[in-house]
Amino acid sequence: MSRLPIPTLEEMSKAQRRIHDEIASGPRGTVPAPQQIWLHAPDFCDVAQKLGAYCRYGSSLPTELSELAILVVGRHWQADYEWWAHARIAREAGLPEAIIEAIRVGQAPDFADQDLRAEVIYETAKEMLETQRLRQDSYDRALAALGRQGLVEVVGIVGYYCLISLTLNVFDVKTPDGTQPFAGVAPNR
């Protein structure tokens, strides 16, 4: 499944087992692939997974909007596992399939029937990923649409899921069903 073997419960140190059990008993209900990798550095895993739990379950943003930001990150990094995990969650949260597919293939989605915040989050996430900055006009638009807390959370979600995507790509984590969502899709430019 990955370049780095996932420790079995029997192989885990007390610290690894404590963090494993905390993650599994939390809102995720399981220990996802990135956190399985991070268990090799238990203190890092402990801190990082808590940030992830906030980004995923504690944000003030509706789920479909936070998942939209996560999909933009997954596409940017072409992280197959990340896409596999979050496209399903985005669908379940009500993000239209046409938007999900447009992001997957690198096209600008049509947000005509969506909450204005969806388009703003998409554009803000893309600009941050492509330029590592946010132009003043983009910042002003995002702040007006999302508010201070929402904008800080979008930046945090994008940053956290860059960490997730990089972890998945570096350790070559495959999707459980073998799918490759970005096979044949042009890389980012």
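My aim in this report is to walk through the structure given alongside it, one point at a time. (Residues numbered from 1 in each chain as written. Predicted model: local features only at pLDDT ≥ 70, side-chain atom pairs only at ≥ 80, totals over all residues. Heavy atoms only, no water.)

### With respect to the environment of His40
Put simply, the rule is: Every helix listed is a DSSP run of H or I at least four residues long, and every strand listed is a run of E at least two residues long, numbered separately from the N terminus. Contact criterion: two residues are considered in contact whenever any of their non-hydrogen atoms come within 4.5 Å of each other. N or O atoms within 3.5 Å of each other form a polar contact, as long as, within protein, one can give a hydrogen and the other can take it, and as long as residues adjacent in sequence are counted only when both atoms are side-chain atoms.
Examined against the element boundaries, His40 turns out to sit in the loop between helix H2 (33–38) and helix H3 (42–58). For the pair formed by His40 and Pro7, sequence separation is 33 residues and the distance between their alpha carbons is 7.8 Å. Discounting chain neighbours no more than four positions away, the residues touching His40 are Leu4, Pro5, Ile6, Pro7 and Gln16. A distance of 2.6 Å separates a polar atom in the side chain of His40 from the backbone oxygen of Pro5.

### Remarks on the environment of Ala69
To keep things clear, this is the line we draw: For every residue, the accessible area (1.4 Å probe, protein chains only) is compared with the maximum for its type, and the residue is labelled buried under 20%, exposed over 50%, or partly exposed between those bounds.
Tracing the backbone shows Ala69 in helix H4 (residues 63–77). Residue Ala69 is classed as buried on the basis of its relative accessible area, which comes to 1%. When the C-alpha atoms of Ala69 and Gly156 are compared, they prove to be 10 Å apart, with 87 residues separating the residues in sequence. Look past the residues within four positions of Ala69 in its chain and what remains in contact with it is Ile121 and Ile157.

### Concerning helix H6 (residues 97–104)
Because each turn of an α-helix spans 3.6 residues, side chains separated by three or four positions end up pointing in the same direction. Within the sequence span of H6, burial applies to Ile99, Ile100, Ala102, Ile103 and Arg104. In the core, the buried residues of H6 are packed alongside H4, helix H5 (80–92) and helix H7 (116–131). Downstream of H6 by one or two residues, Gly106 has phi in the positive range, about 85°.

### A word on the packing of aromatic side chains
Heads up, the rule is: Under the pairing criterion, centres of Phe, Tyr and Trp rings, with the six-membered ring standing for Trp, must be within 6.5 Å; the plane angle then separates stacked pairs below 30 degrees from edge-to-face pairs above 60, leaving the rest tilted.
What the rule picks out here adds up to six aromatic pairs. Arranged with centres 6.2 Å apart and planes meeting at 80°, the rings of Trp38 and Tyr160 form a pair that is edge-to-face. Of the two residues, Trp38 sits in helix H2 while Tyr160 sits in helix H8 (residues 136–170), which places them 122 residues apart along the sequence. We classify Trp38 as buried; its relative accessible area is 5%. The exposure class assigned to Tyr160 is buried, which follows from its relative accessible area of 3%. Ring pairing ties together the aromatic residues Trp38, Phe44, Tyr160 and Tyr161, which thus form one cluster.

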